[in-house]
Amino acid sequence: MSEILNVQNLRKSYGSITVVDDLSFKVEKGECLGVIGPNGAGKTSLFNVIDGGVVVDGGRITLDGEDVTRLPRHKRAHKGIARAYQVPQPFPDLTVFENVLVASTFAAGLSGHEAEVGALDVIRRVGLNERRRDRAGSLRLLDRKRLELAKALAASPKLLLLDEVAGGLTEAEVDVLVELVKSLKPHYAIIWIEHVAHALAATADRLMALHYGRKLIEGTPDQVLKSPEVRAIYLGIVDDATA
Ligand SMILES: Nc1ncnc2c1ncn2[C@@H]1O[C@H](COP(=O)(O)OP(=O)(O)OP(=O)(O)O)[C@@H](O)[C@H]1O
């Protein structure tokens, strides 16, 4: 496997509040790193500094060996960082195909036939082929999540940032999404922020728990979810051993 993202000693503060505190980790192609932490732990802030929405105060971010720390967001997108959001916001009056075509045209810089082929390919991969002519506004939530993923994939990313994409889904729908993310895993480096811990446990190779912007622990899902620190701080459970 090849290293796609390497983050070293990242720091970001807003005044006296440090939201990303000396954070270092790596993600390889074919790997999914799950990120958990209580509200306000700095998970969204971490995605913001990785995708270039927010400029870091210190540290270094490399993508596939190239330093992107000072690049603006749109340039990082062209280099291969794509993000899918919790609340999909497609153009509701455009079809599924047209929405993805917009992404493959502008984010991937494709045009004409190439853009159309690229859009149809990712639509198939997320399981929306049957619905490609439907208005995005008519889709149920799971299909809107699929469309959100297709738009991110249309940019031909190396690194896929999944920002609480399981939010709002039923248990059965989460299972479908988990299978979809698993099918994508071999082709990308994935970081998945999620409050639905069992979705991450089923998908991620490693979990990283954040607390006040700091890495609390990183390890296999089992190691992290069973660790006394995570149980105490993230899940609010105090073991006898830590009480
Ligand atoms: N632009 C900003 N200015 C000031 N404080 C900010 C800003 N953005 C985030 N914060 C603060 O940074 C901290 C981390 O927020 P962040 O949204 O990254 O946490 P989170 O782990 O994603 O939380 P949640 O699970 O609720 O989404 C919070 O205390 C938040 O209030």
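Residues numbered from 1 in each chain as written. Predicted model: local features only at pLDDT ≥ 70, side-chain atom pairs only at ≥ 80, totals over all residues.

### Some details on the site of the ligand
Step number 1: Every residue lining the ligand is accounted for by Y14, I17, V19, G37, N39, G40, A41, G42, K43, T44 and S45.
Step number 2: Those elements giving two or more residues to the shell around the ligand turn out to be β2 (17-28) and α1 (43-51).
Step number 3: Counting residues per element, the shell around the ligand draws most heavily on α1, which supplies 3 residues.
Step number 4: Within the shell around the ligand, the residues separate by chemical class into 4 nonpolar, 6 polar and 1 charged. (Near = placed C-beta within 6 Å. Helix = DSSP H or I, 4+ residues; strand = E, 2+ residues; numbered from the N terminus. Nonpolar A, V, L, I, M, F, W, Y, C, P; charged D, E, K, R; others polar.)

### Quick look at the sheet that holds strand β1 (residues 3-14)
Step number 1: If you walk across this open sheet you meet the 4 strands as β2-β1-β4-β5, and the pairing is antiparallel. The sheet is open, and its two edges are formed by β2 and β5 (66-67), each paired on a single side.
Step number 2: Where β1 lies against strand β4 (residues 58-63), 5 bridges are found, and the strand directions are antiparallel. Each bridged residue has a counterpart across the sheet, and for R11 the counterpart in β4 is G58.
Step number 3: Strands β1, β2 and β4 of the sheet are contacted by α1, whose axis makes an angle of about 65° with β2. (Pairing = 2+ DSSP bridges. Contact = placed C-beta atoms within 7 Å. Axes fitted to C-alpha atoms, helices over the stretch in contact; angles between N-to-C directions.)

### A short note on the nonpolar core
Step number 1: Membership of the largest hydrophobic core comes to 73 residues, with the highest contact counts inside it found for V100, A150 and W192.
Step number 2: Each of two domains, domain 1 (1-80 + 157-243) and domain 2 (88-156), supplies a minimum of three residues to this core.
Step number 3: Excluding residues that lie within four positions of it along the chain, V100 makes contacts with A119, V122, I123, A150, K151 and A154. (Core = buried A, V, L, I, M, F, W, Y, C linked by C-beta atoms within 7 Å. Buried ≥ 20, exposed ≤ 12 C-beta atoms within 10 Å, placed from the backbone. Domains from an automatic or database assignment.)

### Overview of the pairing of β2
Step number 1: Summarising the sheet, β1 and β2 pair through 9 bridges and their orientation is antiparallel. Residue pairing for β2: E3 is matched across the bridge by E28.
Step number 2: In sequence, β1 turns back onto β2 through a hairpin of 2 residues, with G15 there showing a positive phi of about 60°.

### Brief notes about the sheet that holds strand β9 (residues 206-211)
Step number 1: The strand order across the open sheet built from 6 strands is β6-β7-β8-β3-β9-β10, with neighbouring strands paired in mixed fashion. Strands with a single pairing partner mark the edges of an open sheet, and in this sheet they are β6 (81-84) and β10 (214-219). Along the sheet, successive strands turn relative to each other by an average axial angle of 20°, direction set aside.
Step number 2: As defined by bridge partners, β9 adjoins β10 across 5 bridges and the pair is classed as antiparallel. Within β10, the residue paired with L210 across the bridge is K215.

### Observations regarding helix α5 (residues 141-153)
Step number 1: In this model α5 runs 18 Å from its N-terminal to its C-terminal C-alpha over 13 residues, within 8% of the 18 Å that 1.5 Å per residue would give.
Step number 2: Most of α5 sits inside the fold, with 11 of its 13 residues counted as buried.
Step number 3: Among all positions in α5, only D143, R144, K145, R146, L147, E148, L149, A150, K151, A152 and L153 are buried.
Step number 4: The secondary structure elements touched by the buried residues of α5 are β6, α3 (96-106), α4 (112-125), β7 (159-163) and α6 (171-184). (Expected span 1.5 Å × (residues − 1).)

### Details of the domain arrangement of the protein chain
Step number 1: What the domain assignment lists for the protein chain is domain 1 (1-80 + 157-243) and domain 2 (88-156).
Step number 2: Taking only C-alpha atoms into account, the centre of domain 1 sits 25 Å from that of domain 2.
Step number 3: Tallying the contact residues gives 11 residues for domain 1 and 12 residues for domain 2.
Step number 4: Mapped onto the side of domain 1 that touches domain 2, the elements with two or more residues apiece are α2 (73-79) and α6.
Step number 5: Looking at the side of domain 1 that touches domain 2 element by element, the count peaks at 4 residues for α6.
Step number 6: In terms of residue class, the side of domain 1 that touches domain 2 is built from 8 nonpolar, 2 polar and 1 charged.

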